[in-house]
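Residue-level structural notes
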Amino acid sequence: MALLEIRNLHVNVEGAEILKGLNLTIEPGKVQAIMGPNGGGKSTLAKALVGDEAYEVTEGEVLFNGKDLLEMDPEVRAREGVFMGFQYPVEIPGVSNTYFLKAAVNAIRKHHGKDEMDAMEFLELVRERAKRVKLDEGLLQRPVNEGFSGGEKKRNEIFHMSVLEPMLGILDETDSGLDIDALRTVSDGVNAMRDNDRAFLVITHYQRLLDYIVPDVVHVLVDGRIVKTGGKELAKELEQKGYEGFDEAVA
Amino acid sequence: MSASTETIERFNEKGYEAGFVTNVEEDRVEPGLNEDTIRFISAKKNEPEWLLEWRLEAYRNWLTMPEPDWQYVHYDPIDFQAISYYSAPKRDEDRPQSLDDIDPEIRETYEKLGIPLYEQEMLAGVANVAVDAVFDSVSVATSYKAKLAEQGIIFCSMSEAVQDHPELVKQYLGTIIPRNDNYFAALNSAVFTDGSFVYIPKGVRCPMELSTYFRINAANTGQFERTLIIAEDSSYVSYLEGCTAPMRDENQLHAAVVELVALDSAEIKYSTVQNWYPGNAQGKGGVYNFVTKRGLCAGDNSKISWTQVETGSAITWKYPSVVMRGDNSVGEFYSVAVTRLRQQADTGTKMIHMGKNTRSTIISKGISAQEGQQVYRGLVRITPTAEDARNYSQCDSMLMGSECGAHTFPYLDVNNATAQLEHEATTSKIGEDQILYCTSRGISAEDAVSLIVNGFCKEVFRELPMEFAVEAQKLLEITLEDSVG
C-alpha cells in the first residue's frame, strides 16, 4: 500500500485556485522531489497536506496509510506521522525548544497508546539528535526559534523531525537560505533517517539540495499540476533548461 | 457551581427582616451608607473610639470627593446607597472556631476553587502555607498562628489586630495610603470590614508563605478589605492573595486597600491571583475590582515586590505601587492581566523614587481576547533627591482576535538628571502561524494556546511562589480555553 496517495487535489487560497487536480503517490521508503517555478503550487501542496486552514481543499482526496488525511485536524495528521519542515519556521517566545519538543513527543506517544517518555530518556534522545544535525546544544534551552539565525532555524526543523520520527517528512524549501555546509548537515540529517518505511517529499526550487538528498523520483509542478515525472536526472535537466518550456507546455 | 448557588440561596433564605442599622445583634445591615452605618460596623467590631473617629473622618472626606472619571473603563454609575456594607456568614457565637467547624458546603466551594483549606496536612508542612480565609467580611479560619507566634510573627484578621495589637494598627493604618488618598480608598477607610494583618519582627524570616483567600459571596454585598503588612528591620515575608468568586448576576463593588511597610533591609513579596466573576459574554454582571495597593520602602536597602495575575473581574482598576524612600531600596511590579468577554482593565503601577540608588523594575504582560479591553498605565517618578535612580519597564501586549484592544500609557516624571530609565513595549497578535506550527508537531490547538500564552507570561510566572505559579498557569489555560478559534 502507498504511504501517501493524492488524487485530483484542488486547493484554493484566498479564493484563487492554486492546485488544479494534482495526483501523486508516494511509496514507503522513497524520496520524491517536487520542483517547479515560484507560484506553481509547491508550498500550497505542503500546507494543504499539513492542514493549514488558509488552504482550502475544494476537490479530491488524500489517503495517508489508507486513512483520509483531509478529515484529520493538523495535530492528528502529525500524530499519525506527517511532518512538515517549515519554509519560515515560527518563533514561540518564552517556550524552550526542549519543552516544546517534549510536549510534541508525548502528544504523539499518547496518540499511539504509549506512556509519556521518561525525562532522562527524553533528554538523552534530544542531545543525541541535536548532535546528529550539528545543532548547538545551547539552542535546546532557548525559546523555539527566537533569535535563531536563518540557518539555525532550518537546522532546528530537521532536528525536530529527527526527534519526532515521522513516517512522512515534507521539507518545504528547507534549502533556502542555507550555506553549503549547513546544506550538507541538513541533508545528512535527512539521509540518516532514510529507511525502508519512511518516505520524504522534498520541495525545492533548486537542484543543488538533490545532490545531497538523492531522490528516487522527481516531479515538476507547474500551474497547479504535475506536468512531468522522471528520475533524479530530471532535476539536472531542469537546472540547465529552467522551467520555461514547461510553462509553455501548460499554456 | 451548584454548591455555591446553594450557599447563596441559603444566605438569602435566612431573611434579614430586622434591618435597623444600629441593631448590633444583626449579621447584616440593610443597604445604605451614612454615619450610622459606620457606627454600626465599628460597634459590631467592638472598635476603640479613635478608630470610629478615623472612619467617620474618612467618610466625611469621601463625601466631598468627586468620583474619578479619567480611567479608561466604562460602567454605569454606582449607587452607593444600594450596597450593604456589612454582612457576616453567621452570628458571632456560631462562628466556626477552627477549620473543622466550617460549613461543609462552603468548604466544598473552596475545594472546587482549588483552595487547599481542608488539607490540614498540606497546610501543616508539605506546602508550608498558612491560610487566613475571609468569607464575606469576616475571618472564619486562621491556621498556624501559634507556630508563627513562636517567632513573634503576627498573622491575623484586621479585626483581631485592632483588638489585640491596637498600638501597631494605630501607628501604621493609613500612613501609606492616607484615608483621603483617593475616592475608593476613602470609602474603604470609612467602611472596611476586615482583611489581614501581618507583622514580622526584626530579623525574622517568615518560615512559610502567608496566604489569604478572599471571597465575595452574599448578594448585594460590597467587600472592603483592609490589609496591612509591616516588616521590621531585616525581616522577610512572602504573602499570597488568591481571589475567586462564584457566579453572580449583579455587579459587585470590591474596593480594597492594601498597605505595606518595609523598614531597613526588609523585604516584602506580595503575590495576587485574582479570578473573580468576570461577567457574561454580554457584559452583564461581574465584579468591579477597584483596589488601592501601595508599599513604602521606608528603610534603606528594603525591597517590595508586587506580582499579580489578574484574570477575573468585569473591571480591574488598580496600580500596585512602591514608594522607595530608603536609599538603595528596590521596587518591583510583575503583572499578567487577561481581559476577555467584555472585561476591562486599567492597571499598571507607580514607582516613586525618593532615595539614592533606588531601582525599580516593571514587567507587564497584557492579554486581550474576545471583546476584552486593556490598558497599561504606569508612572515612574524620580524626585529631586533620588540620585542615580534606575528603572526598567517592559510592557507587552498580546491580542487574540480582532475585537479586543490593548493600550499603553506610560508616564515619566523625572526630576533628577542622574536617573536612568529604559522602556520597552511590544504588541503581538497570537498568530494562526504559531498555532499551526505547534499543531503540525502534534500538539493540540488548546495546548498550543496555553503553551504560547505561558511562554509570553514566563517572566511574571517565575516570580510567583512555585505552587502559585502552577495554579496561575492552570487558571490561564482554563480562562483562555475558548478564546481562540
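Figured I'd write up the structure that's included with this text. (Residues numbered from 1 in each chain as written. Chains lettered and ligands numbered in written order. Predicted model: local features only at pLDDT ≥ 70, side-chain atom pairs only at ≥ 80, totals over all residues.)

This part takes up the overall build of chain A. When helices and strands are counted, chain A shows 10 helices and 12 strands. In terms of overall size, chain A behaves like a compact globule, its C-alpha atoms giving a radius of gyration of 18 Å where 251 residues would be expected to give roughly 18 Å. With respect to the principal axes defined by its C-alpha atoms, chain A has extents near 55 × 40 × 35 Å. Each of the 251 residues in chain A was classed as buried or not, and the buried ones make up 45%. The long-range fraction of contacts in chain A, counting pairs at least 24 apart against all pairs at least 6 apart in sequence, stands at 71%. (Helix = DSSP H or I, 4+ residues; strand = E, 2+ residues; numbered from the N terminus. Rg over C-alpha atoms; globule rule 2.2 N^0.38 Å. Buried ≥ 20, exposed ≤ 12 C-beta atoms within 10 Å, placed from the backbone. Contact = placed C-beta atoms within 7 Å.)

Further remarks concern the overall build of chain B. The secondary structure content of chain B amounts to 12 helices and 21 strands. Looking at chain B as a whole, 56% of its 485 residues qualify as buried. Considering only contacts within chain B whose residues lie at least 6 apart along the sequence, 82% involve residues at least 24 apart.

Bringing the interface of chain B and chain A into the picture now. A common measure of how large an interface is: the accessible area buried when the components associate. With 17 residues of chain B at the contact, the number on the chain A side is 20 residues. Contributing elements (two or more residues each) for the side of chain B that touches chain A: helix H10 (432–439) and helix H11 (445–461) of chain B. Ranked by residue count, the leading element in the side of chain B that touches chain A is H11(B), at seven residues. Its residues assigned to classes, the side of chain B that touches chain A shows seven nonpolar, six polar and four charged. (Nonpolar A, V, L, I, M, F, W, Y, C, P; charged D, E, K, R; others polar.)

A few words on the sheet that holds strand S1 (residues 4–13) of chain A. All names here are of chain A. Pairing within the open sheet is antiparallel, and its four strands lie in the order S2-S1-S4-S5. Edge positions in the sheet fall to strand S2 (16–26) and strand S5 (67–68), since each has one partner strand and no second. Bridge analysis of S1 against S2 gives eight bridges, and the strand direction is antiparallel. By the bridge assignment for S2, Ile6 is matched with Leu24. (Pairing = 2+ DSSP bridges.)

A few words now on the pairing of strand S3 (residues 31–35) of chain A. Residue and element names in this part refer to chain A. A large share of S3 lies buried, amounting to five of its five residues. What you see with S3 is no split at all: Val31, Ala33 and Met35 on one side and Gln32 and Ile34 on the other are buried throughout. Pairing geometry for S3 and strand S10 (residues 199–203), over four bridges, is parallel. Directly across from Ala33, in S10, lies its bridge partner Val202. Pairing analysis gives four bridges linking S3 to strand S11 (residues 217–222), with the strands arranged parallel. Opposite Met35, over in S11, you have Val220 as the bridge partner.

A separate point is helix H1 (residues 42–50) of chain A. Burial analysis of H1(A) places nine of its nine residues in the buried class, which makes it a mostly covered element. Of the residues making up H1(A), those classed as buried are A:Lys42, A:Ser43, A:Thr44, A:Leu45, A:Ala46, A:Lys47, A:Ala48, A:Leu49 and A:Val50.

The next subject is the environment of A:Glu233. Looking at where A:Glu233 falls in the secondary structure, it is placed in helix H9 (residues 233–241). For the pair A:Glu233 and A:Val186, spaced 47 residues apart in the sequence, the C-alpha separation amounts to 22 Å.

With 193 residues, the main nonpolar core has B:Val198, B:Ala231, B:Leu260 and B:Ala262 as its most contacted residues. Looking at this core element by element, the count peaks at nine residues for H11(B). (Core = buried A, V, L, I, M, F, W, Y, C linked by C-beta atoms within 7 Å.)

A positive phi angle, near 65 degrees, is found at A:Asn145, a position not held by glycine. Relative to the helices and strands, A:Asn145 resides in the loop between strand S8 (143–144) and helix H6 (150–164). Backbone geometry at B:Ser313 places phi at a positive 75 degrees, although glycine is not the residue there. As for its position among the elements, B:Ser313 is in the loop between strand S12 (303–310) and strand S13 (315–318).

With that settled, the discussion passes to the packing of helix H3 (residues 49–64) of chain B against helix H9 (residues 183–191) of chain B. All names here are of chain B. As a packed pair, H3 and H9 sit with axes 7 Å apart at the nearest point and diverge in direction by 145 degrees. Taken as a pair, H3 and H9 cross one another with a handedness that is left-handed. Seen from H3, the contacting residues are Arg55, Ala58, Tyr59, Asn61 and Trp62; seen from H9, they are Tyr183, Ala186, Leu187, Ser189 and Ala190. Of the residues in the contact of H3 with H9, the class split is seven nonpolar, two polar and one charged. (Axes fitted to C-alpha atoms, helices over the stretch in contact; angles between N-to-C directions. Left-handed = near helix turned anticlockwise from the far one by under 90°.)

All names here are of chain B. Every buried residue of helix H2 (residues 35–44) is listed here: Thr37, Ile38, Phe40, Ile41, Ser42 and Lys44. At its buried positions, H2 is contacted by H3 and H9. Positive phi shows up at Asn46, right after H2, with a value of about 55 degrees.

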